[in-house]
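Overview (structure and organization)
Given next are the chains, with one letter for each unit.
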2 protein chains.
Amino acid sequence: MNRNKNAEPTIHDIARELEISASTVSRALNDNPRISLKTKEKIKAVADKLGYRPNTLASNLRNKKSNTIGIVVPLINRHFFSSVISGVEDVAFKAGFNVVISQSNDLAAKEISIVQSMFSNRVDGLIISIAMQTDTFDHLKLFSKKHIPLVFFDRAVPEIETDKIVVDDFAGAYRVTQHLIDQGYQRIGHLAGPQNLTTYLDRKNGYIDALRKNRIAFDESLIIVNTLTSEEGVLAVQQLMSLPEPPDAIFCGNDTTALSVMIYLRNKGIRIPEDIGIVGFSNEPFSKVVSPSISTIAQPGFEMGQKAAELIIRKIENKERTYQTITLPTELIIRESSSRK
Amino acid sequence: MNRNKNAEPTIHDIARELEISASTVSRALNDNPRISLKTKEKIKAVADKLGYRPNTLASNLRNKKSNTIGIVVPLINRHFFSSVISGVEDVAFKAGFNVVISQSNDLAAKEISIVQSMFSNRVDGLIISIAMQTDTFDHLKLFSKKHIPLVFFDRAVPEIETDKIVVDDFAGAYRVTQHLIDQGYQRIGHLAGPQNLTTYLDRKNGYIDALRKNRIAFDESLIIVNTLTSEEGVLAVQQLMSLPEPPDAIFCGNDTTALSVMIYLRNKGIRIPEDIGIVGFSNEPFSKVVSPSISTIAQPGFEMGQKAAELIIRKIENKERTYQTITLPTELIIRESSSRK
DNA sequence: CTGAAAGCGCTAACAC
DNA sequence: GTGTTAGCGCTTTCAG
């Protein structure tokens, strides 16, 4: 029946050509040991001749799996996230999985919509870093409920018990704060991100803990919480510098704000690191090459992606039911913006 | 039959519950006007109650389309490419398409494998920027042959007639070279990328043309061709600076090499832009914030992605058969590294 | 070692 | 406005 020119050849076409059954063809193409080498070869030859390409859609439907891993990130176009995606793709491809990708733009509504669509598309597993905004989690619980592997990376939801790949934000923040203290800075401010996200909460807590361990008085007015965009970095530093006792160092919740803060201060004639020390978080590519270069905490994005993919693939294939939280180490990178000794 | 607990409900389950036929359910869920409002509502209510989620796989198989757009880039983790991906995702999602993504790592073999896998997955269209290495195109011709929409962006294959979204590399290179000349640079070198890629070829030609129009003698020894990594940038600048008559300006084929070249020269005590002018290409995020900031050509990555997605979706939906090449304008961004006047 | 037959979940011509 | 039926292309029991 499938005789018209531009229809894709199917296993039936090649079966008919050889006057055998489609099941044999299917088995041969899947290297089923029950098929003799001879017939396998014949079948593969005809498949080639006809330009046969398996229809994965059909196979997926039949097998009730899509061979696809979904990944949703706040923003594709951000170095950390694109590194993670790259890592996921790297191992997923080698394991024969496709990767479908979407970005939430840090919007809860879009995230929900994406996640539901991925469910409908029967992704075999979902890797996600939640949007800043997201504060309801039914769309994600759906996955756990249906026993579809779910892996959080970076921004995880504490109340959902599943696999998580995070970095040790607390320790990173602690170390970078300690470093500022070691450099002789005494009055250290902090630009914090949304506190509903554990990453930013942990960073703040690491900072507070470092102050406490060093018996430095903790001053609430030195902490500013926003969403850590360039613009908000500028607003925050304005606010900090207009305090009666302005800080002599600022731990910025990410490199983006660290940079905008530095530029603002430089324009005010304030010297970095002499007058004020600046550190960031994430080790964006630019932080190494700006002047002064920015001290920061490196997060291994590519490795996180690889780990997330490895983990989810193991879950997909073994159906193992134990969850783990993998905490990857961060690295303190000391550069010019905080080195005054 | 579908009675076991953790099986997903299907339209048959909801049909049985209401003692109607599955087709009615299908039609209702797809808002087919032939179904009365009442039954639609009843059906949707039951669907909700059962937690029904359409199985897109099945629907796709039946409809012979996957609602999926494939995109393959050399490297996900590169600002320009992740911007393009972001743009593609942006419009694809709004139009109800999924985006599956893969990276070739600039390896021809991996690219071929990816593209074939995407074909087997029956992507409705493919958006691709080819790998540096790729010099055979059968895997791509397959798409044109089967009339599956194919859109090239940035790095296109001249011999395949299809839609293309490119930037005007020639004009960009011309303008940036002209800018160097306007700044009084006379002996301008060029770091070029692989010449099998039209992007890099066009950049070189734009450079040569600008020299010619300005009656500047063209010196072959001032052009170095490599793959434009940081390391190769350093090797290239070493070679250029050891010429009997070294250049007084270098047009680097991308910002990455521009940066590594600058760092090398600075370490040698050569001043930029006073002693030597540097320009790059692509406007990587870092080029704005390094010191000196790098003059460069901005390519609208996000817009390219949006355009590519719009174009391919129109092709997917209309089956229109005319191809177009959209050339997006570039923008010359003059910064410190080339401004000595 | 191979074939027949059923079915994955959905859709759409065709009937009424 | 709704039901019947067949089938998308593949896999997989069950038989032989």
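A brief report on the enclosed structure follows. Since the model is a prediction, treat every value here as computed from it, not as a measurement. Here the residue index of a chain counts from 1 through its sequence in written order. Think of it this way: whatever chain is written first is A, whatever ligand is written first is 1, and the rest follow in order. Selection of residues for local features in this predicted model requires a pLDDT of at least 70, selection of side-chain atom pairs for listing and counting requires 80 or more, and totals for whole chains, interfaces and linings are taken over all residues. Calculation of side-chain values draws on the structure's entire complement of heavy atoms; hydrogens and water are dropped beforehand.

Some points on the relation of the copies chain A and chain B
Rule in force here: The copies were overlaid with a least-squares fit restricted to C-alpha atoms from residues scoring a pLDDT of at least 70 in each copy. Two residues qualify as a contact provided that any one of their heavy atoms is within 4.5 Å of a heavy atom in the partner residue.
The transformation that overlays chain A on chain B combines an axial shift of 0.0 Å with a rotation of 180°, and the residual RMSD is 0.0 Å. These values place the two chain copies in the arrangement generated by a two-fold rotation axis. A shared binding surface is used by both copies, with 100% of the interface residues of chain A retained as interface residues in chain B.

Regarding the nonpolar core
The condition that has to hold: For this analysis, a nonpolar core means a set of buried residues of the types Ala, Val, Leu, Ile, Met, Phe, Trp, Tyr and Cys, connected via side-chain atoms within 4.5 Å. Relative accessibility decides the category of a residue: with a 1.4 Å probe and only protein chains considered, values under 20% of the type maximum give buried, values over 50% give exposed, and everything between is partly exposed.
Judged by nonpolar contacts, the single largest core of 127 residues is most densely connected at Leu140(A) and Leu140(B). If sequence neighbours within four positions are ignored, Leu140(A) has contacts with Glu111(A), Val115(A), Leu126(A), Ile128(A), Ile130(A), Leu150(A), Phe152(A), Val157(A) and Ile160(A). Membership of the second largest hydrophobic core comes to 56 residues, among which are Phe97(A), Phe153(A), Val167(A) and Leu328(A).

A word on the packing of aromatic side chains
Rule in force here: Aromatic pairs are defined between Phe, Tyr and Trp rings, using the six-membered ring for Trp, whenever the two ring centres lie within 6.5 Å; interplanar angles under 30 degrees are classed as stacked, those over 60 as edge-to-face, and all others as tilted. Helix and strand assignments follow DSSP, with helices taken as H or I runs no shorter than four residues and strands as E runs no shorter than two, numbered in order from the N terminus. Here, over-ring charges are defined by two tests on the NZ atom of lysine or the CZ atom of arginine: distance to the ring centre within 6 Å, and angle to the ring normal within 35 degrees.
Across all of its chains, the model carries ten aromatic pairs over all chains by this definition. Between Phe251(B) and Phe281(B), the aromatic rings sit 6.3 Å apart at their centres with planes inclined by 35°, giving tilted as the arrangement. A residue pair is termed long-range when its members are at least 10 positions apart, and Phe251(B) in strand E8 (residues 249-252) and Phe281(B) in the loop between strand E9 (277-279) and helix H12 (285-289) qualify at 30 residues. The ring centre of Phe93(B) lies 4.7 Å from the NZ or CZ of Lys110(A), which sits over that ring. Positioned above the aromatic ring of Tyr185(B) is the side chain of Arg340(B), whose terminal nitrogen or guanidinium carbon lies 3.9 Å from the ring centre.

So, the sheet that holds strand E6 (residues 188-192) of chain B
Residue and element names in this part refer to chain B. What counts here: The criterion for strand pairing is that DSSP finds at least two bridges linking the strands in question. Note on geometry: axes are lines fitted to C-alpha atoms, helical ones only across the stretch in contact, with angles between N-to-C directions running from 0 to 180 degrees.
Strand order in the open sheet formed by four strands is E7-E6-E8-E9, with parallel pairing between adjacent strands. The sheet is open, and its two edges are formed by strand E7 (223-225) and E9, each paired on a single side. For this sheet, the mean inter-axis angle between neighbouring strands, taken without regard to orientation, is 15°. Pairing geometry for E8 and E9, over three bridges, is parallel. Note that in E9 the partner of alanine 249 across the bridge is glycine 277. Strand contacts of helix H8 (residues 169-182): E6, E8 and E9, with the helix running at about 165° to E8, the strand carrying the most contacts. Lying over the sheet, helix H9 (residues 198-213) contacts E6, E7 and E8, oriented at roughly 165° with respect to E6.

Observations regarding the protein's contact with DNA strand C
Using the following cut-off: Only a single heavy atom is needed: when it lies within 4 Å of a molecule or strand, its residue is near that molecule or strand. Counted as a polar contact is a pair of N or O atoms within 3.5 Å, where, for protein atoms, one must be capable of donating a hydrogen and the other of accepting one, and residues adjacent in sequence contribute only when both atoms are in side chains. Basically, the charged four are Asp, Glu, Lys and Arg, the nonpolar ten are Ala, Val, Leu, Ile, Met, Phe, Trp, Tyr, Cys and Pro, and anything else, Gly included, counts as polar.
Surrounding DNA strand C, one finds 27 residues, the nearest of these being Thr24(A), Arg34(A), Lys64(A), Tyr52(B) and Arg62(B). Counting only the atoms of DNA strand C that lie within 4 Å of the protein, the sugar and phosphate share comes to 62%. Contact distances for DNA strand C include 3.1 Å between a phosphate oxygen and a backbone N or O atom of Ser21(A). In this structure, a phosphate oxygen belonging to DNA strand C sits 3.2 Å away from a main-chain N or O atom of Asn55(B). Going through the elements one at a time, helix H2 (22-29) and helix H4 (56-63) of chain A together with helix H1 (11-18), helix H2 (22-29) and helix H4 (56-63) of chain B are the ones with two or more residues in the surface near DNA strand C. In terms of residues, the surface near DNA strand C owes the most to one element, H4(B), which gives four residues. The residue makeup of the surface near DNA strand C, split by class, is seven nonpolar, 13 polar and seven charged.

Brief notes about the protein's contact with DNA strand D
In the vicinity of DNA strand D lie 27 residues, with Tyr52(A), Arg62(A), Ser23(B), Thr24(B) and Lys64(B) positioned nearest. Of what DNA strand D places within 4 Å of the protein, 58% of the atoms are sugar or phosphate. Here a phosphate oxygen of DNA strand D and a side-chain polar atom of Ser26(A) are 2.8 Å apart. Between DNA strand D and Arg27(B) there is a distance of 2.7 Å, counted from a base nitrogen to a side-chain nitrogen or oxygen. Listing elements by their share of the surface near DNA strand D, those giving two or more residues are helix H1 (11-18), H2 and H4 of chain A together with H2 and H4 of chain B. Its residues placed into classes, the surface near DNA strand D shows seven nonpolar, 13 polar and seven charged.

Details of the interface of chain A and chain B
Rules: When a carboxyl oxygen of Asp or Glu is within 4 Å of a side-chain nitrogen of Lys or Arg, the pair counts as a salt bridge.
With 44 residues of chain A at the interface, the matching set in chain B holds 45 residues. Linking chain A with chain B are four salt bridges. For the salt bridge of Glu8(B) with Lys146(A), the shortest nitrogen-to-oxygen distance reads 2.8 Å. At the junction of chain A with chain B, the criterion picks out 29 residue pairs in polar contact (both at pLDDT 80 or more).

Looking at the environment of Thr68(A)
All names here are of chain A. Within the secondary structure, threonine 68 sits in strand E1 (residues 68-73). Accessibility expressed as a relative area gives 10% for threonine 68, which makes it buried. When the C-alpha positions of threonine 68 and glycine 96 are compared, they lie 8.8 Å apart, and in sequence the two are 28 residues distant. Non-local contacts of threonine 68, meaning those with residues more than four positions away in its chain, are made with Phe97, Asn98, Val100, Val123, Asp124 and Gly125. Polar side-chain contacts of threonine 68 include one of 2.9 Å to the backbone oxygen of serine 66.

Details of empty space enclosed by the protein
Let me state the cut-off plainly: A 1.4 Å probe that fits into a set of points on a 1 Å grid over the protein atoms alone but cannot get out defines a cavity; an open set with protein on both sides within 12 Å along at least five of seven lines defines a pocket, and lining residues are those with an atom within 4 Å of a point. Grid points are joined across faces, edges and corners, and a volume is the space filled by probe spheres set on the points.
Scanning the entire structure with this criterion turns up five cavities of 30 Å³ or more. For the largest cavity, the calculated volume is near 230 Å³. Put simply, the parts of the chain that give the lining of the largest cavity at least two residues each are H4 and strand E2 (98-103) of chain A together with H4 and strand E2 (98-103) of chain B. By residue class, the composition of the lining of the largest cavity is seven nonpolar, ten polar and no charged. Estimated volume of the second largest cavity: approximately 130 Å³. The wall of the second largest cavity is formed by 14 residues, among which Arg78(A), Tyr200(A), Arg203(A), Ser282(A) and Gln299(A) lie closest to the centre.

Considering the pairing of strand E6 (residues 188-192) of chain A
Residues and elements named next belong to chain A. Note the cut-off: Crossover handedness is defined by viewing with both strands directed away from the observer: a clockwise path from the first strand over the helix to the second marks the crossover as right-handed.
For E6, the buried fraction is high: five of the five residues fall into the buried class. Burial of E6 is two-sided: the residues Ile188, His190 and Ala192 facing one way and the residues Gly189 and Leu191 facing the other way are all buried. Bridge count for E6 against strand E7 (residues 223-225) is three bridges, and the pairing is parallel. Its bridge partner being in E7, histidine 190 is matched across the sheet by isoleucine 223. Between the parallel pair E6 and E7, the chain is carried across by helix H9 (residues 198-213), and the sense of this crossover is right-handed.

Structural notes on the packing of helix H6 (residues 108-120) of chain A against helix H7 (residues 138-145) of chain A
Residue and element names in this part refer to chain A. Put simply, the rule reads: Roughly parallel covers angles under 35 degrees, roughly antiparallel covers those over 145, roughly perpendicular covers 65 to 115, and oblique covers all other angles. Crossing handedness follows the turn of the near helix against the far one: under a right angle anticlockwise gives a left-handed crossing, and clockwise gives a right-handed one.
Relative orientation of the contacting elements H6 and H7 amounts to 25°, with a least axis distance of 9 Å. Judged on the interaxial angle alone, H7 and H6 are roughly parallel. Where H6 crosses over H7, the handedness of that crossing is left-handed. Residue-level inspection shows Glu111, Ile112, Val115 and Phe119 of H6 in contact with H7, the latter providing His139, Leu140, Leu142 and Phe143. Here the residues of the contact of H6 with H7 sort into six nonpolar, one polar and one charged.

As for the environment of Leu140(B)
Mapped onto the fold, Leu140(B) is located in helix H7 (residues 138-145). In this structure the C-alpha to C-alpha distance between Leu140(B) and Asp219(B), which are 79 residues apart in sequence, comes to 37 Å.

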